[in-house]
Amino acid sequence: MVEEDLGLERVNCRAKGASSGFKVAILGAAGGIGQPLAMLMKMNPLVSLLHLYDVVNAHGVTADISHMDTSAVVRGFLGQQQLEDALIGMDLVIIPAGVPRKPGMTRDDLFNINAGIVRTLCEAIAKCCPKAIVNIISNPVNSTVPIAAEVFKKAGVFDPKRVLGVTMLDVVRANTFVAEIMGLDPREVDVPVVGGHAGVTILPLLSQVKPSCSFTQKEIDYLTDRIQNGGTEVVEAKAGAGSATLSMAYAAVKFADACLRALRGDAAVVHCAYVASEVTELPFFASKVRLGRNGVEEIYPLGPLNEYERAGLEKAKKELAGSIQKGVSFVKK
Ligand code: NAD
Ligand code: LMR
């Protein structure tokens, strides 16, 4: 029996008329991050329509997730020829498409493959849903966000408020590791993590942890190193089978949900993200931002840093400058 015989066009009507929620696309939805991310977004009551796009297995993942008895309607889109259909009308686009690291690699080693993937996807976003909020997960985030910005500039649709690099996993890890050594509930801990998303560019501001904590120098060295190398810890533990996927899907959903609540008009939605910024002399930087109906409504200054953090900031900026330039040149060349 086919869908039409059963009158399932009603489902299509529900998808088309889905005015009470947001329309979200995941690009790279069949991957290690994409699948649990799609599952968790299907559970989010703010989502009315969920588009799952990938170059492989998009329909399998869609069939599977569409059986969950939650309200979001799910549609699958496979391959470049369906990319534009996947994007038309979207409010939020989340991009976890691209290759992950293997042991011994840096995130920058992914540039050659992932830069082209992000460029192609952003060209289609510029054409089909230029007003969407874009959450970029694909690494190296320090370069892929500048790539996205350049693509949007080229297309004449760049809005710095709407392009956000997802650094939430660094915050999630920092909250967890601080809670572990201080004997706190991680849900009550808030560690600002600024800079970028690779090695020394990941700068936890342990002097600004809430609730206020005082750490020994040994604890600061341990925590800083563990937070900066949390991704590598997972890559090595997975021993060639990829990088963080489940904790990343959790972090991506936490961030996407914040973006949707802000789009709905909720007040005081504040998280760290890597965005076009004037907080430092660099054109992109991760820091706390307030999200609103238009994306990033306000970017907060870094606040008072101690000597250790000031030294970390200088190191972070040096590496970030090169990664940003590499992304910009990739699109301009
Ligand atoms: P994966 O290989 O398991 O999945 C990637 C998916 O992208 C695959 O399904 C693949 O088919 C798809 N894909 C490839 N080319 C595509 C294209 N042109 N269009 C659409 N989809 C395409 O990898 P993963 O573990 O899900 O990781 C994805 C990316 O996320 C990697 O670059 C990884 O480094 C990054 N990552 C970022 C963070 C972060 O904190 N920002 C955390 C973890 C991983
Ligand atoms: C992470 O922080 O887990 C991701 O950036 C993936 C990686 O390569 O470490």
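Calculation rules
- Residues numbered from 1 in each chain as written.
- Chains lettered and ligands numbered in written order.
- Predicted model: local features only at pLDDT ≥ 70, side-chain atom pairs only at ≥ 80, totals over all residues.
- Buried ≥ 20, exposed ≤ 12 C-beta atoms within 10 Å, placed from the backbone.
- Helix = DSSP H or I, 4+ residues; strand = E, 2+ residues; numbered from the N terminus.
- Pairing = 2+ DSSP bridges.
- Right-handed = clockwise from strand over helix to strand, strands pointing away.
- Near = placed C-beta within 6 Å.
- Nonpolar A, V, L, I, M, F, W, Y, C, P; charged D, E, K, R; others polar.
- Axes fitted to C-alpha atoms, helices over the stretch in contact; angles between N-to-C directions.
- Parallel < 35°, antiparallel > 145°, perpendicular 65-115°, else oblique.
- Contact = placed C-beta atoms within 7 Å.
- pLDDT = per-residue confidence, 0-100.

A.B. asks: Could you give an account of the pairing of strand β4 (residues 92–95), with specific residues and numbers?
C.D. replies: Covered by surrounding structure in β4 are L92 and I94 together with V93 and I95, the residues of both alternating faces. Judged from the three bridges that link them, strand β1 (residues 22–27) and β4 form a sheet pairing that is parallel. Among the inter-strand pairings, A25 is bridged to a residue of β4, identified as V93. As judged from the four bridges shared by β4 and strand β5 (residues 133–136), these two strands associate in the parallel manner. Bridged to I94 within β5 is N135. Viewed along the sheet, the connection from β4 through helix α5 (residues 111–128) into β5 turns out right-handed.

A.B. asks: Got a sec to walk through the site of ligand 1? Specific residues and values, please.
C.D. replies: In the vicinity of ligand 1, 32 residues are found, and the nearest of them are G28, G31, G32, A97 and N139. Partitioning the shell around ligand 1 into residue classes produces 17 nonpolar, 13 polar and two charged.

A.B. asks: Any chance you could break down the packing of helix α7 (residues 168–182) against helix α10 (residues 246–264) for me, citing the residues and the numbers?
C.D. replies: At a minimum axis separation of 8 Å, α7 and α10 run at an interaxial angle of 110°. The pairing of α7 with α10 is recorded here as roughly perpendicular in orientation. Note on element contacts: α10 touches α7 through S247, M248, Y250, A251, A252, K254 and F255, opposite M168, L169 and V172. When its residues are assigned to classes, the contact of α7 with α10 shows eight nonpolar, one polar and one charged.

A.B. asks: Any chance you could break down unusual backbone geometry for me, citing the residues and the numbers?
C.D. replies: Omega for the peptide link from N139 to P140 comes to -5°, which places this bond in the cis form. Inspection of the secondary structure puts P140 in the loop between β5 and α6 (141–154). Even without being a glycine, N57 presents a positive backbone phi close to 55°. Within the element layout of this structure, N57 appears in the loop between β2 (47–54) and α3 (58–66). Non-glycine residue A239 carries a positive phi angle of around 50°. Mapping A239 onto the fold places it in the loop between α9 (230–238) and α10. The exposed category is assigned to A239, around which 9 C-beta atoms lie within 10 Å.

A.B. asks: Account for the site of ligand 2, with residues named and values stated.
C.D. replies: Taken together, the neighbourhood of ligand 2 is formed by P100, R101, R107, N139, L169, G230, G231, V234, V235, S243 and A244. Sorting elements by how many residues they give to the shell around ligand 2 places α9 first, with four residues. Taken together, the residues of the shell around ligand 2 break down into five nonpolar, four polar and two charged.

A.B. asks: Which residues make up the environment of Y308, and what values do they have?
C.D. replies: By the secondary structure assignment, Y308 is in helix α11 (residues 307–332). Here the alpha-carbon distance between Y308 and D64, two residues 244 residues apart in the chain, equals 49 Å.

A.B. asks: I'd love a proper account of the confidence of the model for the protein, names of residues and values included.
C.D. replies: The share of residues in the protein with pLDDT of 70 or more is 94%, and the mean pLDDT across the chain is 95. For this predicted complex, the interface confidence comes out at an ipTM of 0.99, alongside a pTM of 0.96.

A.B. asks: I'd like a rundown of the environment of V151, residues and numbers included.
C.D. replies: Looking at the secondary structure, you find V151 in helix α6. By the C-beta count within 10 Å, which is 23 here, V151 ends up buried.

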